[in-house]
Amino acid sequence: MSNLKPAKNIIRIINRRNMSKHYDVLVIGGGSGGVAFSRRAASYGAKTLLVEANTLGGTCVGVGCVPKKVMWNAADLAKKIQHAHGYGLYKDLPLDKEHLTFDWPYFKEKRDAYVHRLFGIYERNLTKEGVDFVYGFAKIIKDNTVEVSLKDQEGKTEIYTADKILIATGGKPSHPENIEGYEHGTDSDGFFRLEEQPKNVVVVGAGYIAVELAGVFKSLGSNVSLAIRNDTVLRNFDHIIQDTITEEYIREGINVLKQHNVSKVELESDGKSKKITFANGEVLNNVDCLIWAIGRKSHLGLGLETIGVKLNDKNQIIVDEYQNTNVDGVYSLGDVVGNVELTPVAIATGRKLANRLFGPEIYKNQKQDYENVPSAIFSHPEAGSIGLSEEQAAEKYGKDTLKIYTSSFKGMYYAMLEEEQKEPTKYKLICQGENEKVVGLHMVGDFSAEILQGFGVAVKMGATKADFDSCVAIHPTSAEEIVTLR
Ligand code: FAD
């Protein structure tokens with residue numbers, strides 16, 4: 001959990017227009033999904049209460065997308081500054097890696113202040129929309145009834161009832177509790193609490209959070225080891241992304257430890273530095289910061305068993321395609337149900353569910369479509385992906401029905417730079433069937449996230465290769481390659 005405080009110096013805020021304790025709908029969890037649902041539900045006139053245990057905006061605003069992207073921006077700038085000499089700028093200043101300085105405490109304070117302002121904006125938006133909200137930990141104690149242990153008010157509880165309950169409690173980092181000394185490491189939440197920049201960092205994990213944090217640390221000047229269980233990072237993505245980012249991280253000087261499993265973590269004699277032993281017998285000493293980024297698990301402990309809400313074998317809440325749990329009037333969405341764990345997915349699902357439950361008749365069958373969701377990895381360089389990987393497409397449609405177009409080059413921006421400063425751009429378009437419908441688009445390179453947002457619309461609309469080609473290129477860009485692939 002973040003150590004950031006709610007924006008206002010009060011722990012409980014209730015919109016005074018609405019003092020009764022019975023609601024049309026009670027939402028547990030004020031993250032991306034819960035807030036989006038609440039605002040949309042209240043906009044239809046539903047009497048809505050939102051209960052948030054920590055800070056509004058949830059993981060995304062407090063310890064996820066937002067502070068992560070701010071850190072990525074700093075890391076990206078640190079790299080770009082080194083390119084200035086290539087463009088004839090600041091020739092009299094030493095801008096190489098060795099001279100890089102980063103004022104972590106200064107930047108953290110600014111970043112936290114920004115996040116703090118967002119908490120306030122979330123509160124104001126809820127109030128504007130007529131949503132009541134309360135800070136505290138919610139527990140379902142019987143049908144339609146929730147007990148809230150008020151935040152920062154030891155032992156104080158309040159009881160609320162509601163016709164409907166939405167569970168949008170998100171997730172939290174998993175820890176390898178079977179590894180001796182694992183508690184000497186921290187997680188992505190802890191990353192955002194770091195007051196000083198660690199010199200020697202070990203990140204364990206191969207998913208996008210591990211890759212992003214390792215990239216940020218490296219660009220900002222830390223020595224970074226990235227321990228992965230297999231041979232590539234980002235194994236849920238197409239090989240063009242897995243292979244390129246793994247190679248680039250190695251080229252950038254990240255110590256990528258392939259096939260490495262941590263077996264033990266010990267504190268060294270200074271009581272702070274860590275000694276990390278791997279299953280293959282290798283040892284890393286003098287580690288200032290160990291970050292576990294090995295996955296996330298659902299945020300539970302909210303009394304689901306009292307009303308019999310069913311979980312799957314990963315301890316995620318089971319829902320149908322309309323976000324109904326097995327209990328009448330109890331719904332769930334976002335990271336706590338798994339599926340596609342991204343902020344915009346939680347937001348879109350929340351709005352659609354509110355439309356369905358409280359909106360006009362035309363929305364009565366509305367549900368979230370989880371196909372073709374674009375996503376980005378804020379690595380260095382960035383990567384982005386929509387649709388099926390080549391492997392998935394081959395499995396689904398048969399390899400013979402696919403046509404794969406690729407492009408690999410160094411963007412024009414790098415023409416002015418030294419060879420070792422040049423980063424790759426790689427695109428892969430996966431087309432299927434006679435009309436070459438685009439079923440996957442994967443990219444690595446500058447601005448991938450921004451580029452993919454636009455192409456995502458086309459893929460979502462069912463575009464074919466011919467549709468891509470019919471769009472005239474914007475020159476000179478890197479993305480023009482995507483509409484001129486041969
Ligand atoms: P959350 O946002 O986690 O909100 C759940 C809320 O419920 C929390 O505020 C929690 O305090 C509260 N809560 C839990 N239990 C209770 C209870 N019993 N009572 C009251 N309140 C409770 N996604 C992207 O799209 N892009 C990114 O770049 C991105 N980067 C990320 C980087 C990191 C480091 C992490 C960790 C995640 C990132 N994500 C990103 C994922 C994104 O943050 C989540 O998918 C999103 O926040 C899920 O929203 P949610 O509403 O399901 O849950």
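The paragraphs below set out a description of the structure included in this document. Keep in mind that what you see is a predicted model, and the values were worked out from it rather than measured. (Residues numbered from 1 in each chain as written. Predicted model: local features only at pLDDT ≥ 70, side-chain atom pairs only at ≥ 80, totals over all residues. Heavy atoms only, no water.)

## Some words on the site of the ligand
Neighbouring residues of the ligand: 39 residues in total, closest G33, E52, T59, K68 and D335. Between a nitrogen atom of the ligand and a main-chain N or O atom of A53, the distance comes to 3.0 Å. In the environment of the ligand, an oxygen atom lies 2.5 Å from a nitrogen or oxygen atom belonging to the side chain of T59. Considering each element in turn, the shell around the ligand owes the most residues, four residues, to helix 2 (residues 58-63). Within the shell around the ligand, the residues separate by chemical class into 16 nonpolar, 18 polar and five charged. (Near = heavy atom within 4 Å. Polar contact = N/O pair within 3.5 Å; in protein donor to acceptor, adjacent residues only side chain to side chain. Helix = DSSP H or I, 4+ residues; strand = E, 2+ residues; numbered from the N terminus. Nonpolar A, V, L, I, M, F, W, Y, C, P; charged D, E, K, R; others polar.)

## So, helix 11 (residues 448-460)
In a regular helix each residue adds 1.5 Å, so 13 residues correspond to 18 Å; helix 11 covers 17 Å between its end C-alpha atoms and thus fits that length. Bending of helix 11 peaks at approximately 30° at the position of G454. In this structure, the buried residues of helix 11 make contact with strand 16 (375-377), strand 17 (383-387), strand 19 (425-432), strand 20 (437-444) and helix 12 (465-470). Just downstream of helix 11, G462 is the residue with a positive phi angle, here 90°. (Expected span 1.5 Å × (residues − 1). Bend = angle between axes of the 7 residues up to and from the residue. Contact = heavy atoms within 4.5 Å.)

## Description of the sheet that holds strand 11 (residues 274-278)
Remark on secondary structure: sheet strands pair via backbone hydrogen bonds, oriented parallel or antiparallel. Taken together, the three strands give an open sheet; going across it, the order is 10-11-12, and neighbouring strands pair in antiparallel fashion. The sheet terminates laterally at strand 10 (262-267) and strand 12 (283-287), the two strands that pair on one side only. This sheet shows a mean twist of 15° between the axes of neighbouring strands, independent of strand direction. (Pairing = 2+ DSSP bridges. Axes fitted to C-alpha atoms, helices over the stretch in contact; angles between N-to-C directions.)

## Observations concerning the sheet that holds strand 8 (residues 223-227)
Ordered by their spatial adjacency, four strands build an open sheet running 9-8-7-13, and the pairing between neighbours is parallel. On the outer flanks of this sheet lie strand 9 (255-257) and strand 13 (289-292), each paired with one strand and no other. Neighbouring strand axes in the sheet, compared pairwise and without regard to direction, differ in orientation by 15° on average. The pairing of strand 7 (residues 200-204) with strand 8 spans five bridges and is parallel. Its bridge partner lying in strand 8, V201 is registered against V224.

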